[in-house]
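Overview (structure and organization)
Spelled out from the first residue to the last, the chains are:
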Amino acid sequence: KIKIVSAIFNKVQESGNNTGFVSKDRRSGKWREVSVTRAREKIGHELRIIVSRREKKAEKSKKLYHEAQKFRRLYVIQQAIFVELKAKSDMEIALVQDEEMDEVQCTMMEDNVIKEIDD
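Here's what I pulled together on the structure shown here. (Residues numbered from 1 in each chain as written. Predicted model: local features only at pLDDT ≥ 70, side-chain atom pairs only at ≥ 80, totals over all residues. Heavy atoms only, no water.)

Notes on the overall build of the protein chain
Helix and strand counts for the protein chain stand at two helices and two strands. Each helix (α) and strand (β) of the protein chain, taken in turn from the N terminus, gives the series α-β-β-α. Just so you have it, the protein chain exposes about 11,100 Å², and 57% of that area is on carbon and sulfur atoms. (Helix = DSSP H or I, 4+ residues; strand = E, 2+ residues; numbered from the N terminus. Areas by Shrake-Rupley, 256 points an atom, 1.4 Å probe, with all protein chains shown as cover.)

A look at the packing of aromatic side chains
Note on aromatic pairs: each is described by the distance of the centres and the angle between the planes. Throughout the structure, instances matching the rule amount to one aromatic pair. Geometrically, the ring pair formed by Phe-9 and Phe-21 is stacked, given 5.8 Å between the ring centres and 10° between the ring planes. With Phe-9 in helix α1 (residues 2-14) and Phe-21 in the loop between α1 and β1 (22-24), the pair connects residues that are twelve residues apart, well separated along the chain. Taking relative accessible area as the criterion, Phe-9 reaches 7% and is therefore assigned buried. The lysine or arginine in question, Arg-40, covers the ring of Phe-9, its NZ or CZ lying 4.8 Å from the ring centre. (Phe/Tyr/Trp six-rings, centres within 6.5 Å; stacked < 30°, edge-to-face > 60°. Buried < 20%, exposed > 50% of the residue type's maximum accessible area, 1.4 Å probe, protein only. Lys NZ or Arg CZ within 6 Å of the ring centre and 35° of its normal.)

Some remarks on the nonpolar core
Val-5, Phe-9, Phe-21, Val-34, Ala-39 and Ile-43 together form the largest nonpolar core, which totals six residues. Sequence-distant contacts of Ile-43, that is, excluding residues within four places in its chain, are made with Val-5, Ile-8, Phe-9 and Phe-21. (Core = buried A, V, L, I, M, F, W, Y, C linked by side-chain atoms within 4.5 Å. Contact = heavy atoms within 4.5 Å.)

Here's the deal with the pattern of salt bridges
The tally for this structure, following the rule as stated, stands at three salt bridges. Here Arg-38 ties to Glu-41 by a salt bridge, and the two come within 3.6 Å at their closest N and O atoms. Residue Arg-38 and its partner Glu-41 are both found in helix α2 (residues 36-118); the two are separated by three residues, about one turn of the helix. Look at Glu-41 and you get partly exposed, because its relative accessible area is 44%. One salt bridge connects Asp-90 with Lys-86, and the closest N-O pair in it is separated by 3.1 Å. Taken together, the positions of Asp-90 and Lys-86, both in helix α2 and four residues apart, correspond to about one turn of that helix. For Asp-90, a relative accessible area of 37% puts it in the partly exposed group. (Salt bridge = Lys/Arg side-chain N within 4 Å of Asp/Glu carboxyl O.)

Some words on α1
The end-to-end C-alpha distance of α1, which contains 13 residues, comes to 18 Å, matching closely the 18 Å that a straight helix rising 1.5 Å per residue would cover. Once α1 ends, the next one or two residues include Gly-16, with phi positive near 130°. (Expected span 1.5 Å × (residues − 1).)

Thoughts on a nonpolar patch on the surface
A surface patch of nonpolar side chains, about 630 Å² in accessible area, is lined by Phe-71, Leu-74, Ile-77, Ile-81, Phe-82 and Leu-85. Looking at the secondary structure, you find Leu-85 in helix α2. (Patch = residues over 30% accessible without salt bridge, like charges linked within 9 Å, V, L, I, M, F, W, Y side chains within 5 Å.)

Here's the deal with the environment of Lys-30
For Lys-30, the position within the fold is in the loop between β1 and β2 (31-33). For Lys-30, a relative accessible area of 59% corresponds to the exposed category. In contact with Lys-30, other than residues within four places in its own chain, are Ser-23, Lys-24 and Asp-25.

Next comes the structure, spelled out in C-alpha coordinates:
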(Lines give C-alpha, C1' and ligand atoms only; values in the text may rest on other atoms or scores of the structure.)
Protein backbone atom coordinates (compact mmCIF):
# COMPACT_ATOMS: atom_id res chain seq x y z
CA LYS A 1 0.00 0.00 0.00
CA ILE A 2 2.81 2.41 0.88
CA LYS A 3 4.45 1.80 -2.50
CA ILE A 4 1.20 2.54 -4.31
CA VAL A 5 0.63 5.74 -2.33
CA SER A 6 4.22 6.85 -3.04
CA ALA A 7 3.87 6.05 -6.73
CA ILE A 8 0.68 8.10 -7.01
CA PHE A 9 2.19 10.98 -5.03
CA ASN A 10 5.33 11.00 -7.19
CA LYS A 11 3.34 10.81 -10.42
CA VAL A 12 1.26 13.85 -9.42
CA GLN A 13 4.37 15.80 -8.38
CA GLU A 14 6.17 14.93 -11.62
CA SER A 15 3.25 15.77 -13.86
CA GLY A 16 4.14 19.45 -14.08
CA ASN A 17 3.29 22.89 -12.76
CA ASN A 18 -0.01 23.67 -11.08
CA THR A 19 -0.43 20.12 -9.85
CA GLY A 20 -0.40 18.98 -6.27
CA PHE A 21 -2.60 18.28 -3.33
CA VAL A 22 -4.74 21.02 -1.88
CA SER A 23 -7.31 21.49 0.81
CA LYS A 24 -9.87 24.24 1.29
CA ASP A 25 -9.26 26.39 4.36
CA ARG A 26 -12.49 26.45 6.36
CA ARG A 27 -11.94 29.97 7.69
CA SER A 28 -10.82 31.79 4.58
CA GLY A 29 -12.45 29.52 1.99
CA LYS A 30 -9.22 29.57 -0.02
CA TRP A 31 -7.41 26.56 -1.38
CA ARG A 32 -3.93 25.88 0.00
CA GLU A 33 -1.33 23.26 -0.72
CA VAL A 34 -1.08 20.53 1.92
CA SER A 35 2.00 18.89 3.38
CA VAL A 36 3.49 15.72 1.93
CA THR A 37 2.22 13.75 4.94
CA ARG A 38 -1.31 15.09 4.50
CA ALA A 39 -1.20 14.43 0.75
CA ARG A 40 -0.19 10.82 1.36
CA GLU A 41 -3.00 10.48 3.93
CA LYS A 42 -5.51 11.78 1.37
CA ILE A 43 -4.25 9.32 -1.25
CA GLY A 44 -4.48 6.45 1.24
CA HIS A 45 -7.98 7.49 2.23
CA GLU A 46 -9.14 7.54 -1.41
CA LEU A 47 -7.59 4.12 -2.00
CA ARG A 48 -9.48 2.72 1.00
CA ILE A 49 -12.72 4.16 -0.40
CA ILE A 50 -12.03 2.56 -3.80
CA VAL A 51 -11.27 -0.81 -2.23
CA SER A 52 -14.38 -0.59 -0.05
CA ARG A 53 -16.56 0.17 -3.08
CA ARG A 54 -15.09 -2.76 -4.98
CA GLU A 55 -15.66 -5.08 -2.04
CA LYS A 56 -19.27 -3.92 -1.74
CA LYS A 57 -19.76 -4.36 -5.46
CA ALA A 58 -18.26 -7.86 -5.32
CA GLU A 59 -20.48 -8.75 -2.36
CA LYS A 60 -23.53 -7.45 -4.21
CA SER A 61 -22.58 -9.49 -7.29
CA LYS A 62 -22.14 -12.56 -5.10
CA LYS A 63 -25.59 -12.05 -3.53
CA LEU A 64 -27.18 -11.56 -6.95
CA TYR A 65 -25.51 -14.74 -8.19
CA HIS A 66 -26.86 -16.72 -5.22
CA GLU A 67 -30.35 -15.25 -5.70
CA ALA A 68 -30.24 -16.22 -9.36
CA GLN A 69 -29.21 -19.75 -8.36
CA LYS A 70 -32.19 -19.96 -5.97
CA PHE A 71 -34.56 -18.87 -8.73
CA ARG A 72 -33.05 -21.40 -11.13
CA ARG A 73 -33.58 -24.19 -8.59
CA LEU A 74 -37.15 -23.05 -7.95
CA TYR A 75 -37.80 -22.95 -11.69
CA VAL A 76 -36.54 -26.52 -12.11
CA ILE A 77 -38.73 -27.69 -9.22
CA GLN A 78 -41.72 -25.82 -10.63
CA GLN A 79 -41.21 -27.40 -14.06
CA ALA A 80 -41.01 -30.87 -12.49
CA ILE A 81 -44.26 -30.23 -10.60
CA PHE A 82 -45.96 -29.04 -13.79
CA VAL A 83 -44.83 -32.16 -15.66
CA GLU A 84 -46.12 -34.35 -12.84
CA LEU A 85 -49.45 -32.50 -12.70
CA LYS A 86 -49.82 -32.75 -16.47
CA ALA A 87 -49.17 -36.49 -16.37
CA LYS A 88 -51.68 -36.89 -13.54
CA SER A 89 -54.22 -34.81 -15.41
CA ASP A 90 -53.67 -36.84 -18.58
CA MET A 91 -54.19 -40.06 -16.58
CA GLU A 92 -57.39 -38.73 -15.03
CA ILE A 93 -58.68 -37.73 -18.46
CA ALA A 94 -57.84 -41.19 -19.78
CA LEU A 95 -59.62 -42.83 -16.84
CA VAL A 96 -62.71 -40.69 -17.37
CA GLN A 97 -62.67 -41.54 -21.08
CA ASP A 98 -62.30 -45.24 -20.22
CA GLU A 99 -65.24 -45.00 -17.80
CA GLU A 100 -67.31 -43.24 -20.45
CA MET A 101 -66.40 -45.93 -22.99
CA ASP A 102 -67.31 -48.62 -20.45
CA GLU A 103 -70.68 -46.92 -19.94
CA VAL A 104 -71.27 -46.72 -23.68
CA GLN A 105 -70.29 -50.36 -24.13
CA CYS A 106 -72.47 -51.37 -21.18
CA THR A 107 -75.40 -49.44 -22.64
CA MET A 108 -74.82 -51.06 -26.03
CA MET A 109 -74.68 -54.49 -24.42
CA GLU A 110 -77.91 -53.77 -22.55
CA ASP A 111 -79.51 -52.64 -25.79
CA ASN A 112 -78.36 -55.86 -27.49
CA VAL A 113 -79.70 -57.98 -24.63
CA ILE A 114 -83.02 -56.14 -24.77
CA LYS A 115 -83.19 -56.69 -28.57
CA GLU A 116 -82.46 -60.38 -28.12
CA ILE A 117 -85.21 -60.65 -25.51
CA ASP A 118 -87.62 -58.79 -27.76
CA ASP A 119 -86.80 -61.06 -30.67
